[in-house]
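# What the coordinates show
What follows is each chain in one-letter form.
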Amino acid sequence: MIKTRFAPSPSGLLHLGNVRTALFNVLFASAHQSIFLLRIEDTDQERSGEGYITTLIKDLKWLDLAWQEGVEVGGSYSPYRQSERTQIYQSYFDQLENKKLAYPCFCSPQELKQVRKRQLASGQPPRYPGTCARLNSDEINNRQTKGIKPTLRFRVPDSSIIEFTDLVRGEQRFTAHDIGDFIIRRADSSPAFFFSNAIDDSLMEVTHVLRGEDHLTNTPRQILLLQALQLSIPQYAHIGLIIGHDGAPLSKRHGSRSIAELREEGYLPLALCNYLARLGHHFEDTSFLSLATLASQFKLENLGKAPARFDESQLIHWQREGLIHSNAEALKDWLGNDILAQIPENQYEQFIEAIRPNILFPKDTLRWITAIFDEKLNYKDESLKIITQTDSSFFTQALKAIDSCGLDFKKFITELKNTTETKGKVLFQPLRAALTGELDGPELALLFPLIGVEKIHQRLTQCLNISGK
Ligand code: GLU
């Protein structure tokens, strides 16, 4: 049975990068009718915030990335918040200490900084030199009575080689010597991220860890720990990171926003998923897909090693697709009550179908609400220019045509075409300007019944008065 997981540290809002990781884990699990688990990695009490946990849960639910095990839903390996699992970690610290596989380290951050500086200056990779590795119990007691709070270091078996097959990046090989003894418990007694992370993956029977490439160097340490504790080791797949146009990791200055911000702006959840699914994973199918279909086409071998470039225009492309594929009822929630209240209820369906290709975000509808429903039109400067340049007879004929054809747009256009002997742009441009105040927009045929005979009449009369003689 496959089990994947998402294990965010709640020290900030979810962004496109971490949500993509969650999405890939969801798609992989769902492709195998398996379990996707959500665990909150909040051991760093100083940086973790309850508000971030609430928002990340809201974000995942909004995106429809459902988890079958974990916080809120429960499961056989609860609790799923690491801050509630301290005793579990303690028992593994004890095991390692008892087996002499971990030792207290009293080196101060300043001392360690000095050592690192010296190593780097002499061209060596920075690693812990083992200062506290061989302290005897008297030396340990002595330091403890001085009130120095030690960290706990894992004793890396010096000569070992750590090898594993990364499901994205292939064979990986690390030399333990280069890693050096590393901290697994901080001086404030909280576990280091990669310690509790590895223990929990194993205890919770996670089989596949799909995560960002930035965690690749943590993996050999995690494997060493799990081996030392005789715990099962999951399979790892490290996905290429998302980068900005300049090749640097995606950040605010590349236009990256939090999921909460994107939701506020009016991005559709499935549009984001369609975009993110393709950022670092190749799908043959380039159409707008449901989560279930994305899952059925998701393959680990289609995950890319290379970093994926964030492209705002692609995101917009999927937003447009998302709008085309949303039903009118679903778009009501998306528009929100304030906007909805400005659209006559009995014309909602017709309105949304007409303007759907011309909007990307809820606020874009305001322009069309004004253009269609307002009693008094605000003509754009360029529209006014067209109207004043148009011969008044055009509007006289248009008024006659609306009187005789009513809302039959086809008939209306044919009549106007014949009586004014115009066609194409010369026919449609002044008409659109007169009826909507705009020079572009939804199909006139669709707007016609929405504006209604009375307002069309009124608008044409107004244009007759300002048009060229
Ligand atoms: N809590 C870690 C993070 O948010 C999890 C990393 C992992 O997926 O293993 O970066």
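How each quantity is defined
Residues numbered from 1 in each chain as written. Predicted model: local features only at pLDDT ≥ 70, side-chain atom pairs only at ≥ 80, totals over all residues. Heavy atoms only, no water. UniProt positions renumbered as here; feature names shortened; annotations may be inferred. Helix = DSSP H or I, 4+ residues; strand = E, 2+ residues; numbered from the N terminus. Contact = heavy atoms within 4.5 Å. Core = buried A, V, L, I, M, F, W, Y, C linked by side-chain atoms within 4.5 Å. Buried < 20%, exposed > 50% of the residue type's maximum accessible area, 1.4 Å probe, protein only. Near = heavy atom within 4 Å. Polar contact = N/O pair within 3.5 Å; in protein donor to acceptor, adjacent residues only side chain to side chain. Areas by Shrake-Rupley, 256 points an atom, 1.4 Å probe, with all protein chains shown as cover. 1 Å grid on protein atoms, 1.4 Å probe; cavity = no way out; pocket = protein on both sides within 12 Å on 5 of 7 lines; lining within 4 Å. Sits in = over half its atoms within 2 Å of the grid points. Nonpolar A, V, L, I, M, F, W, Y, C, P; charged D, E, K, R; others polar. Phe/Tyr/Trp six-rings, centres within 6.5 Å; stacked < 30°, edge-to-face > 60°. Lys NZ or Arg CZ within 6 Å of the ring centre and 35° of its normal. Pairing = 2+ DSSP bridges. Axes fitted to C-alpha atoms, helices over the stretch in contact; angles between N-to-C directions.

- The chain is annotated in an unreviewed UniProt entry as Glutamate--tRNA ligase from Candidatus Nitrosacidococcus tergens.
- In its Subunit (unreviewed entry) section, the UniProt record describing the chain reads: "Monomer."
- The Sequence similarities (unreviewed entry) comment attached to the chain in UniProt states, word for word, "Belongs to the class-I aminoacyl-tRNA synthetase family. Glutamate--tRNA ligase type 1 subfamily."

### Looking at the environment of Phe412
- Within the secondary structure layout, Phe412 lies in helix 19 (residues 409-420).
- The spacing of Phe412 and Leu399 is 13 residues in sequence and 9.9 Å in space, taken between C-alpha atoms.
- Setting aside its immediate chain neighbours within four residues, Phe412 contacts Ala398, Ala401, Ile402, Cys405, Leu431 and Phe448.

### Some words on the UniProt feature "domain: Glutamyl/glutaminyl-tRNA synthetase class Ib catalytic" (unreviewed entry) in the chain
- The sites that carry the UniProt feature "domain: Glutamyl/glutaminyl-tRNA synthetase class Ib catalytic" (unreviewed entry) are, in the present numbering, residues 2-315.
- In residues 2-315, the share of helix is 37% and the share of strand is 15%. The end C-alpha atoms are 31 Å apart.

### Observations regarding the nonpolar core
- Ile184, Phe412 and Leu460 are the most contacted members of the largest nonpolar core, which totals 134 residues.
- The element that contributes the greatest number of residues to this core is helix 1 (residues 16-31), accounting for nine residues.
- Aside from chain neighbours lying at most four places away, what touches Ile184 is Phe93, Leu96, Ala102, Leu152, Arg153, Phe154, Ser190, Pro191, Ala192, Phe195 and Leu225.
- In terms of nonpolar packing, the next biggest core, distinct from the first, is built from 10 residues, Cys105, Leu112, Ala133 and Leu135 among them.

### So, the site of the ligand
- Neighbouring the ligand are the residues Arg5, Ala7, Pro8, Ser9, Glu41, Phe193, Asn197, Arg211 and His215.
- Contacts to the ligand include Arg5, whose side-chain N or O atom sits 2.6 Å from an oxygen atom.
- Separating an oxygen atom of the ligand from a side-chain N or O atom of His215 is a distance of 3.0 Å.
- Protein contact buries 80% of the 290 Å² of open area that the ligand shows by itself.
- Most atoms of the ligand, that is more than half of them, are within 2 Å of grid points of the largest pocket.
- Residue classes in the shell around the ligand are distributed as three nonpolar, three polar and three charged.

### Brief notes about the packing of aromatic side chains
- With the rule as written, the count across this model stands at 16 aromatic pairs.
- Ring centres of Tyr267 and Phe361 lie 4.9 Å apart, and the angle between their planes is 70°; this geometry places the pair in the edge-to-face category. Of the two residues, Tyr267 is situated in the loop between helix 9 (259-265) and helix 10 (269-277) and Phe361 in the loop between helix 15 (348-355) and helix 16 (365-373); the sequence distance between them amounts to 94 residues.
- Here Tyr267 falls in the buried class, since its relative accessible area comes to 2%.
- With a relative accessible area of 11%, Phe361 lands in the buried category.
- For the pair Tyr275 and Phe310, a centre-to-centre distance of 6.1 Å together with 70° between the ring planes defines the contact as edge-to-face. One end of the pair, Tyr275, is in helix 10; the other, Phe310, is in the loop between strand 12 (308-309) and helix 12 (312-324), and 35 residues separate them in sequence.
- Given the relative accessible area of 3%, Tyr275 is considered buried.
- An aromatic cluster of three or more residues is present, and its members are Phe154, Phe182, Phe193 and Phe194.
- We note Arg153 situated over the ring of Tyr128; from NZ or CZ to the ring centre the distance is 3.5 Å.
- Geometry around Phe194 places Arg221 over its ring, the cationic atom sitting 5.2 Å from the centre.

### Some details on the side chain of Arg5
- When you line up the elements, Arg5 lands in strand 1 (residues 3-6).
- Within polar-contact distance, the side chain of Arg5 engages the side chain of Asp201 at 2.8 Å.

### Let's talk about the sheet that holds strand 8 (residues 182-185)
- Strand order in the open sheet formed by three strands is 4-5-8, and the pairing between neighbours is antiparallel. Of all strands in the sheet, those with a lone pairing partner are strand 4 (102-105) and strand 8, marking the two edges. Direction aside, the axes of adjacent strands within the sheet are offset by 45° on average.
- In terms of strand pairing, strand 4 meets strand 5 (residues 151-154) through four bridges, oriented antiparallel. Following the sheet pairing, Ala102 is matched in strand 5 by Phe154.

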